[in-house]
Amino acid sequence: MKNWRLRPGQGRMRSILLSAACGTFLCLTACSGQRGDEMTAYTESLFAMDTYMTFTAYGANAEDALKQVCDRIAELEGLWSATDAGSEIYQVNHSGGQPVAVSGETEELVSFALAMAEETDGALEPTIYPVLTAWGFTTDENRVPAGNEIAERLATVGYEEVNIESGAITLEAGAMLDLGAVGKGYAGDEAVRILKDNGVSSALLDVGGNIQALGTKPDGSRWRVGLKDPFSGGVLGVIRVADEAVVTSGSYERYFIGGDGKKYGHIIDPATGYPVDNGLASVTVISGEGKLCDALSTALFVMGLERAEDYWRQRQGFDMILVTEDGNIYVTEGIKDQFSLQGEYRDMTVNVVEFE
Ligand code: ADP
Ligand code: MG
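Rules used throughout
- Here the residue index of a chain counts from 1 through its sequence in written order.
- Chain letters and ligand numbers both follow the written order, the letters beginning at A and the numbers at 1.
- Side-chain atom pairs in this predicted model are given and counted only at pLDDT of 80 or more, local residue features only at pLDDT of at least 70, and totals for whole chains, interfaces and linings cover all residues.
- Hydrogens and water are ignored here; the side-chain numbers use all heavy atoms of the structure.
- Runs of E in the DSSP output that reach at least two residues are strands. Runs of H or I that reach at least four are helices, and both are numbered from the N terminus.
- Summary of the burial criterion: residues with accessible area below 20% of their type's maximum are buried, those above 50% are exposed, and those between are partly exposed, where the area comes from a 1.4 Å probe applied to protein chains only.
- Only heavy atoms enter the contact rule, under which two residues are in contact if any of them lie within 4.5 Å.
- Here the open area of atoms and residues is found with the Shrake-Rupley method and a 1.4 Å probe, where only the protein chains shown may cover a residue.
- A single heavy atom is enough: if one lies within 4 Å of a molecule or strand, its residue is considered near that molecule or strand.
- Under this definition, polar contacts are N or O atom pairs within 3.5 Å; protein pairs additionally need one hydrogen-donor-capable and one acceptor-capable atom, and for neighbouring residues in sequence, both atoms have to be side-chain atoms.
- Amino acid classes used here: Ala, Val, Leu, Ile, Met, Phe, Trp, Tyr, Cys and Pro are nonpolar; Asp, Glu, Lys and Arg are charged; the rest, including Gly, are polar.
- Any pair of Phe, Tyr and Trp rings, taking the six-membered ring for Trp, is counted once the centres come within 6.5 Å. Such a pair is stacked with planes under 30 degrees apart, edge-to-face with planes over 60 apart, and tilted for the rest.
- Definition used: whenever NZ (Lys) or CZ (Arg) falls within 6 Å of the ring centre and also within 35 degrees of the ring normal, the charge is taken to sit over that ring.
- Note: two strands are recorded as paired if DSSP finds a minimum of 2 bridges between them.
- pLDDT is a residue-level measure of predictor confidence that goes from 0 to 100.
- Coordination partners: N, O, S within 2.8 Å of the metal, 3.2 Å for Na, K and Ca; water not considered, so apparent gaps in a site are possible.
- What makes a salt bridge here is a side-chain nitrogen of Lys or Arg within 4 Å of a carboxyl oxygen of Asp or Glu, nothing more.
- Comment: axis = line fitted to C-alpha atoms, over the contacting stretch for helices; angle = value between 0 and 180 degrees taken between N-to-C directions.
- Oblique is the label for any angle not under 35 degrees, not over 145, and not in the 65 to 115 range, which are roughly parallel, roughly antiparallel and roughly perpendicular in turn.
- Whether a crossing is left-handed or right-handed is set by the direction in which the near helix is turned from the far one by less than a right angle, anticlockwise for left-handed and clockwise for right-handed.
- Multiplying one less than the number of residues by 1.5 Å gives the expected span of a helix.

### Comments concerning the overall build of the protein
Part 1 of the argument: When helices and strands are tallied, the protein shows nine helices and 20 strands.
Part 2 of the argument: The 356 residues of the protein split such that 53% are buried.
Part 3 of the argument: For the protein, the proportion of contacts with a sequence separation of at least 24, taken over those separated by at least 6, is 60%.
Part 4 of the argument: Per element, the accessible surface of the protein, about 15,700 Å² overall, is 46% carbon and sulfur.

### Description of the site of ligand 1
Part 1 of the argument: Taken together, 17 residues sit near ligand 1, with Asp 178, Ser 249, His 266, Ile 268 and Thr 298 positioned nearest.
Part 2 of the argument: Note that a nitrogen atom of ligand 1 is positioned 2.8 Å from one of the backbone N or O atoms of Ile 268.
Part 3 of the argument: When ligand 1 sits alone it has 570 Å² of accessible area, and the protein chains cover 90% of it.
Part 4 of the argument: No other element matches helix H8 (residues 290-303), which puts three residues into the shell around ligand 1.
Part 5 of the argument: The residue makeup of the shell around ligand 1, split by class, is nine nonpolar, four polar and four charged.

### Re the packing of aromatic side chains
Part 1 of the argument: Per the stated rule, a full pass over the model turns up 10 aromatic pairs.
Part 2 of the argument: Residues Trp 80 and Tyr 186 carry aromatic rings whose centres are separated by 5.2 Å and whose planes lie at 85° to one another, so their mutual orientation is edge-to-face. Here Trp 80 is found in helix H2 (residues 62-80), whereas its partner Tyr 186 is found in helix H7 (residues 183-197), with 106 residues between them in sequence.
Part 3 of the argument: Cluster of aromatic residues (ring-pair linked, three or more members): Trp 135, Phe 137, Phe 256, Tyr 264 and Tyr 274.
Part 4 of the argument: Above the ring of Tyr 255, the side-chain terminus of Lys 263 is found at 5.2 Å from the ring centroid.
Part 5 of the argument: It is Lys 291 that lies over the ring of Phe 112; its NZ or CZ is 4.8 Å from the centre.

### Topic: the sheet that holds strand S4 (residues 100-101)
Part 1 of the argument: Strand order in this open sheet of three strands is S4-S6-S5, and the pairing throughout is antiparallel. Edge positions in the sheet fall to S4 and strand S5 (163-165), since each has one partner strand and no second.
Part 2 of the argument: Where S4 and strand S6 (residues 168-170) come together, two bridges link them in antiparallel fashion. Residue pairing for S6: Ala 101 is matched across the bridge by Ala 168.

### With respect to the confidence of the model for the protein
Part 1 of the argument: Counting all residues, the mean pLDDT for the protein is 89, and 89% of those residues have values of 70 or more.
Part 2 of the argument: Counting interchain partners and residues more than four positions distant, the pLDDT-below-50 stretch residues 1-37 has 66 contacts.

### So, the coordination of the magnesium ion (ligand 2)
Part 1 of the argument: All of the protein donors around the magnesium ion (ligand 2) are Ala 181 (O), Asp 294 (O), Asp 294 (OD) and Thr 298 (OG1); their distances to the metal are 2.1 to 2.5 Å.
Part 2 of the argument: Between consecutive donors of the magnesium ion (ligand 2), the numbers of intervening residues give the motif A-x112-D-x3-T. Here the residue Ala 181 occupies a position in the loop between S6 and H7, and Asp 294 occupies one in helix H8, the gap between them amounting to 113 residues.
Part 3 of the argument: Taking the relative accessible area as the measure of exposure, Asp 294 reaches 4% and is therefore buried.

### Details of the pattern of salt bridges
Part 1 of the argument: This structure, assessed with the given rule, holds 16 salt bridges.
Part 2 of the argument: We note a salt bridge from Arg 315 to Glu 119, for which the minimum N-O separation is 2.6 Å. Highlighted residues: Arg 315 in helix H9 (residues 305-315) and Glu 119 in helix H4 (residues 104-119), separated in sequence by 196 residues.
Part 3 of the argument: For Glu 119, a relative accessible area of 35% puts it in the partly exposed group.
Part 4 of the argument: Of the charged contacts, one joins Asp 310 and Arg 313 as a salt bridge, the two residues approaching to 3.8 Å between their closest N and O atoms. Here Asp 310 pairs with Arg 313, and both are found in helix H9, just three residues apart, close to one helical turn.
Part 5 of the argument: Put simply, Arg 72, Glu 75, Glu 105, Glu 190, Arg 193 and Asp 197 are held in one network by salt bridges that share partners.

### Examining the packing of H2 against H4
A packed helix pair is summarised by two numbers, namely the angle formed by the two axes and the spacing between the axes.
Part 1 of the argument: Across the interface, H2 lies against H4 with an axial gap of 10 Å and an inter-helix angle of 70°. Between H2 and H4, the interaxial angle falls into the category roughly perpendicular. Crossing hand, H2 versus H4: right-handed. Counting all contacts with H2, which are made through Arg 72, Glu 75, Leu 76, Leu 79 and Trp 80, the residues of H4 involved are Glu 105, Thr 106 and Leu 109.
Part 2 of the argument: The residue inventory of the contact of H2 with H4, partitioned by class, reads four nonpolar, one polar and three charged.

### Digging into H2
Part 1 of the argument: In a regular helix each residue adds 1.5 Å, so 19 residues correspond to 27 Å; H2 covers 27 Å between its end C-alpha atoms and thus fits that length.
Part 2 of the argument: All of the buried residues along H2 are Ala 62, Ala 65, Leu 66, Val 69, Cys 70, Arg 72, Ile 73, Leu 76, Leu 79 and Trp 80.
Part 3 of the argument: The secondary structure elements touched by the buried residues of H2 are strand S2 (40-48), strand S3 (51-58), helix H3 (88-93), H4 and H7.

### Section: the sheet that holds strand S9 (residues 223-228)
Part 1 of the argument: Here we have three strands laid out as an open sheet, ordered S9-S10-S19, and antiparallel in their pairing. For this open sheet the edge positions go to S9 and strand S19 (339-341), each flanked by a neighbour on one side alone. Adjacent strand axes in the sheet meet at a mean angle of 25°, parallel and antiparallel pairs treated alike.
Part 2 of the argument: As judged from the six bridges shared by S9 and strand S10 (residues 235-241), these two strands associate in the antiparallel manner. Each bridged residue has a counterpart across the sheet, and for Arg 224 the counterpart in S10 is Arg 240.

Following this line, the structure appears as structure tokens:
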């Protein structure tokens with residue numbers, strides 16, 4: 001077994017590399033054996049939803065379709081940013097308990113997040129925002145809050161109290177919504193829809209680490225999506241996908257080290273108000289729908305290994321790859337044949353999670 005070591009700042013490095021590509025527009029020749037527009041790849045990069053995104057699509061309409069995708073994502077960000085005073089979510093969060101009329105998209109995403117909160121028994125908690133703020137994750141001024149402060153903030157949390165009726169959302173005064181765990185997934189699904197509407201049948205989208213594949217590669221083979229080693233940032237394995245999303249949650253990219261020397265990640269266990277610390281290093285979910293992957297990757301990370309396995313058996317409709325802090329890998333049986341370890345990781349044991 002490989003000895004994994006934590007290398008802080010690895011996530012930032014990736015952002016810096018991508019930022020170099022931001023705003024550029026590339027036109028590449030993808031693969032031989034095909035002719036004309038079928039083999040032309042277009043790439044667009046943008047910074048949105050607090051992260052870098054890079055989209056590559058193939059074919060005649062790819063260039064125009066990707067521009068539409070970028071516009072649409074900027075539009076969604078404008079609706080959902082928790083920090084931008086002009087966004088719908090900001091308005092809802094600062095309404096002092098009054099109903100706020102929202103767009104169809106916002107209603108749809110909030111309804112979805114509430115349904116997933118219910119389904120995951122509150123592991124996904126779209127009203128966790130006040131707790132997240134106490135830990136400084138929304139301002140990058142991280143701190144370990146006192147126990148009573150966490151308890152006070154937790155008292156405002158509860159997806160059951162969110163009311164959606166005839167296009168308006170009402171929160172209890174003091175409660176706040178945060179779509180950070182599901183927004184990128186929804187945006188990825190929208191991107192795929194726009195590309196399809198424009199006749200694009202092959203694309204690979206990196207929506208801030210959420211990968212969404214449309215179709216296959218132009219040559220008909222599956223896309224190869226790298227699974228990151230949560231400790232070094234290296235490529236642990238490859239997942240071969242077509243028409244699927246691959247979404248990872250973990251505490252290895254957004255975290256801080258407290259004065260006590262402990263590592264605190266940005267995913268909060270709503271049962272305690274503390275960052276998740278249950279032995280999982282990362283959770284990757286694979287399914288046909290980005291928003292489902294996004295909601296579940298966050299929720300399963302909160303649940304921990306055993307609850308996540310039980311949940312998968314009972315719910316089905318997705319696959320997952322879990323990496324534990326002690327360096328074990330668990331892969332559900334539906335994806336095991338499409339997953340392979342890479343390079344120096346090849347000799348590790350892959351534990352297959354079965355239906356039983
Ligand atoms: P990332 O955004 O890094 O890809 P996730 O999809 O897992 O990762 O979303 C994490 C974000 O979700 C956090 O930054 C925070 O905004 C929010 N969040 C943290 N804990 C929870 C939780 N238990 N339920 C719902 N949202 C959460
Ligand atoms: Mg998520």
